[in-house]
Amino acid sequence: MSEIDSRIEEELDRRDSAPGEERITEHELAGGLSGYLLGFGLAILLTIASFLAAQTDLIYQPAVISALVVLAIAQMGVHLVFFLHITTGPDNTNNVLALAFGVLIVALVVIGSVWIMAHLSVNMAPMSAHQAAMMP
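A. Just the overall build of the protein, in detail. For the protein, the count of helices and strands is 5 helices and 0 strands. Put simply, 52% of the contacts in the protein that link residues at least 6 apart link residues at least 24 apart.

Given below as C-alpha cells:
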C-alpha cells in the first residue's frame, strides 16, 4: 500500500467519524503512550512543586496562595492537553467550545453566589443578642 493510498483511506475514515470524535496519532505531542507518560511526569512534578511551595519557606509566605493557584492552573492545562486531548486543532472545536461554555457557567454560578451572599450580608437587619440566643 502506497503512502497516497493510506492518506486516502485515512481521509475516508475521518468522514465516518462522529461529530466531536477525534483521532489521536502517534505524531502529536499528546498522542500515544509517550504523551501519557509525559503528562503523568509533568503532573507529578507540579504536585511536588505544590507541596514544596506550601510546606517550605522557598516562597515568601503571603505569596504561597498565588503560587498554588498558578501551579493548579498549570496542572489543569496538563490534564486538558495530555489526558483529555483538548488542543486547538480544527477537529477539536466542539470540545473547546464545550469547555469554554462549562467554564462560563461555573464562573456565573460562583460569581453570582458570592454577589448574592455579599448583598444579603449588607442588607440584613442587625441581630440583637437576645435574637442570637434564640437561634437553634
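Don't stop here, the text continues.
B. Structural context of the confidence of the model for the protein. In this model, the protein carries a mean pLDDT of 83, and residues with pLDDT of at least 70 account for 77%. Across the protein, helix 3 (residues 64-83) holds the top mean pLDDT of 93, while helix 1 (residues 3-15) sits lowest at 61.

C. Highlighting the side chain of His-85. Within the secondary structure layout, His-85 lies in the loop between helix 3 and helix 4 (93-123). Engagement of the side chain of His-85 in a polar contact is seen with the side chain of Tyr-36, the distance being 3.0 Å.

D. Representation of the packing of helix 2 (residues 32-55) against helix 3. Direction vectors running N to C along helix 2 and helix 3 enclose 170°, while the axes themselves pass 10 Å from each other. In terms of orientation, helix 2 lies roughly antiparallel with respect to helix 3.

E. The arrangement of the packing of aromatic side chains in detail. Considering all chains together, one arrives at 1 aromatic pair under this definition. Plain terms: the ring middles of Tyr-36 and Phe-83 are 6.2 Å apart, the flat faces sit at 20° to each other, and that makes the pair stacked. Pair noted here: Tyr-36 is in helix 2 and Phe-83 is in helix 3, with a separation of 47 residues, a long-range link. Look at Tyr-36 and you get partly exposed, because its relative accessible area is 36%. You can call Phe-83 partly exposed: its relative accessible area is 28%.

F. Region of interest: helix 3. Taking 1.5 Å of rise per residue, 20 residues should cover 28 Å, and helix 3 covers 27 Å from first to last C-alpha, within 8% of that figure. All buried positions along helix 3 are accounted for by Val-64, Ala-67, Leu-71, Gln-75, Val-78 and Phe-82. In an axial view of helix 3, the angular spread of the buried residues amounts to 75°, which keeps them on one side of the axis. Residues of helix 3 that are exposed and point over 90 degrees away from its buried face: Ile-65, Val-70, Ile-73 and Met-76. Close packing links the buried residues of helix 3 with helix 2. Two residues or fewer after helix 3 comes His-85, characterised by a positive phi angle close to 55°.

G. Highlighting the environment of Tyr-36. Between the C-alpha atom of Tyr-36 and that of Phe-83, which follows or precedes it by 47 residues, the distance is 6.7 Å. Beyond its immediate sequence surroundings of up to four residues, Tyr-36 is in contact with Phe-82, Phe-83 and His-85.

H. Just the side chain of Asn-92, in detail. Checked against the element boundaries, Asn-92 lands in the loop between helix 3 and helix 4. Here Asn-95 takes part through its side chain, which lies 3.0 Å from a polar atom of the side chain of Asn-92.

Cut-offs and rules
Residues numbered from 1 in each chain as written. Predicted model: local features only at pLDDT ≥ 70, side-chain atom pairs only at ≥ 80, totals over all residues. Heavy atoms only, no water. Helix = DSSP H or I, 4+ residues; strand = E, 2+ residues; numbered from the N terminus. Contact = heavy atoms within 4.5 Å. pLDDT = per-residue confidence, 0-100. Polar contact = N/O pair within 3.5 Å; in protein donor to acceptor, adjacent residues only side chain to side chain. Axes fitted to C-alpha atoms, helices over the stretch in contact; angles between N-to-C directions. Parallel < 35°, antiparallel > 145°, perpendicular 65-115°, else oblique. Phe/Tyr/Trp six-rings, centres within 6.5 Å; stacked < 30°, edge-to-face > 60°. Buried < 20%, exposed > 50% of the residue type's maximum accessible area, 1.4 Å probe, protein only. Expected span 1.5 Å × (residues − 1). Arc of directions from axis to C-beta.

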